[in-house]
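Analysis of the macromolecular model
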Amino acid sequence: MRGFGVFLGKEAREILRTWRIWALPGLVVFLALTGPVIAKLTPELLKSMSGTAGMGGVVVTLPKPTWQDAYLQWSKNLTQMITWVLVVMAGGMVSGERKSGTAVLVLTKPISRSAFLLAKFISNAGLVALAAVLGAFSTWAVTLGVFGEAPVRIMVEATAVWLTFAIVLVAVLTLFSAVVDSRLGATFLGFGVLVAFTIASLWGPAADLSPAGLVNAPNAVISGTGGRLLWPLVTSAVATLLFVAGGMCAFSRKEL
Amino acid sequence: MPRTCCTVRGMANDVSAHPIELTGLTKVYGSSKALDGIDLVVSEGSVYGFLGPNGAGKTTTLRILSGLARPTTGRARVLGVDVGAAGNDIRARIGFLPDVPGFYEWMTAEEFLRFAGRLFGLPAAVLDERVEALLDLAGLTGVTTKVGAYSRGMKQRLGVAQALINAPALLMLDEPTSALDPIGRKEVLDMIASLAGRTTVFFSTHILSDVERVCDTVAILDRGRVVVQAPVEELKNRYGARKVILEVTCGTEALSRRFSAESWVTAVACESRTLTLTVSDIEAARLAIPAAVVAEKAGLVRLEGGEVSLEEVFVGLVGGAQ
């Protein structure tokens, strides 16, 4: 794994010195900060709309919002918008370097292709983890401020479950980005896998045993309706290893 | 010179072997044959020009040599090791510049050179020294703007500099001067010329004058085949010997008619009182030309073997086929 540390260092500096530091963490923190406020104001907004044109006579009655609504807003953002942004962002992690010509310049030096790909995976997974931690802390702090109550354990569990699923997706995109020449192609395949996991999550055995069980798990953790997540977590870890190893194997054989 | 050997990743690495050896190298993409049985040997210390028109197979050859692509058949050896088995130990002794080098645009030249040097595992003191020297060589000392804002010439010079960061035993450059303006070309060629005798340089191009200027040996590639490989001077002499320049005091038209009828003359060019003959049999020419001058009472001023440019050699070897 010669060159792994040097290349990982380059990846870290690249994240800090380019748009990448703002794209995912920026979006996550923005949604994390606004989520609890939106949860707090939603009933008031709907109530005020009941008197507007076309809504005459409609009476909207909503329960008083709680920390749980703020947390659900956070988990909804994670499992929908942020997951899709993640797929788009990670789709070009290797193909982008190939297209720009930087991969050729680097890979003709003493760094193995496996080290190159592993550094790509770890840096992207690290960026997602950083964004998730920052977002979780932000939404917890704002929830505490707005609602006066914000259970730490539930926030940690819901975020950790999503992060595990997100890392599976990063591994999937590591494989596709290594194999497919175009960023668009890798991203489309990534969306395909995401949709497949979402559909599979509706089928009991898949939800109980595979990474698909993590798709809706953050909401379930916050609502207190979640089942045991041991098998989805274990199979997610195994799937991550297999996707990354498959990517390393395919990339080592690929002509650049 | 005694032959010495060392072992790299379990393979015999003959350090006194030629830096590059290609034997029957072919590369097929679908139904298209990019390389068609290339045999080539590059001697240590030479600046070797790999010349050919666009699409001749130069970049494909360099991609195989640098480990980016695999040959379909045949053998490619770099620094004594088959490229298929060459690992980090061999790559550590090679410098490579692709035809369109891609840099991390958020880095400065110094940052990129340090990054490249660290990939080679250079100690900090050596790296400091090399980075300073190479920035100077590339004319980029004190340039603090990001690589993304560089001109094509600056990027190309940085490309050559990064390929030298490990003081390579073999430097491979793919079209390093293409798409550069005349000043940029001169700067890159000066950098390459300054390496002569210090490292083996294998340099692909389609620009004939670049080869004439910096290379001591050349291989001409056409449609995936090596048409000829030889030292530049030998090549020019070999083909130059077939050209004869004759200057007379008068009678050029009569001489031109007479020579055009000879079977050993393939072309006659007449300019003022000078005739340039392209001949197929130099011995016959040496005997017949003085006799013709006497017969036409032309008055001999000058009779000599003509200088030929590499361009004429190239066109003669490749142009006709196209």
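What counts as what
Residues numbered from 1 in each chain as written. Chains lettered and ligands numbered in written order. Predicted model: local features only at pLDDT ≥ 70, side-chain atom pairs only at ≥ 80, totals over all residues. Heavy atoms only, no water. pLDDT = per-residue confidence, 0-100. Helix = DSSP H or I, 4+ residues; strand = E, 2+ residues; numbered from the N terminus. Contact = heavy atoms within 4.5 Å. Core = buried A, V, L, I, M, F, W, Y, C linked by side-chain atoms within 4.5 Å. Buried < 20%, exposed > 50% of the residue type's maximum accessible area, 1.4 Å probe, protein only. Buried area = accessible area lost by both parts, 1.4 Å probe. Salt bridge = Lys/Arg side-chain N within 4 Å of Asp/Glu carboxyl O. Polar contact = N/O pair within 3.5 Å; in protein donor to acceptor, adjacent residues only side chain to side chain. Nonpolar A, V, L, I, M, F, W, Y, C, P; charged D, E, K, R; others polar.

Here the focus is the confidence of the model for chain B. All names here are of chain B. Here chain B shows a mean pLDDT of 86. Residues at 70 or above account for 92%. Confidence scores differ between elements of chain B, with strand β1 (residues 5-8) showing the lowest mean pLDDT of 36 and helix α3 (residues 109-119) the highest of 96. Predicted confidence is poor over residues 1-15, with pLDDT under 50, and the contacts of this stretch with residues over four places away or in other chains come to 28 contacts. If you check the scores for this complex, the pTM reads 0.83 and the ipTM reads 0.87.

Before going further, it helps to examine the nonpolar core. Ranked by size, the top nonpolar core spans 153 residues in total, and within it A:F116, B:I20, B:L40, B:I165, B:M172, B:F202 and B:I220 carry the most contacts. The element that contributes the greatest number of residues to this core is helix α7 (residues 152-179) of chain A, accounting for 17 residues.

So, on to the interface of chain A and chain B. Contact with chain A, which involves 27 residues of that partner, is made by 29 residues of chain B. Broken down residue by residue, the surface that chain A buries against chain B is led by A:L105, A:K109 and A:E255, which jointly contribute 25%. Run the count over chain A and chain B and you get 2 salt bridges. Put simply, A:E255 and B:K27 hold a salt bridge, and the shortest N to O gap is 2.7 Å. Seen at the junction of chain A and chain B, the total is 14 residue pairs in polar contact (both at pLDDT 80 or more). Among the elements that make up the side of chain A that touches chain B, the one with the highest residue count is helix α1 (residues 4-17) of chain A (6 residues). Among the residues forming the side of chain A that touches chain B, the class breakdown is 9 nonpolar, 7 polar and 11 charged.

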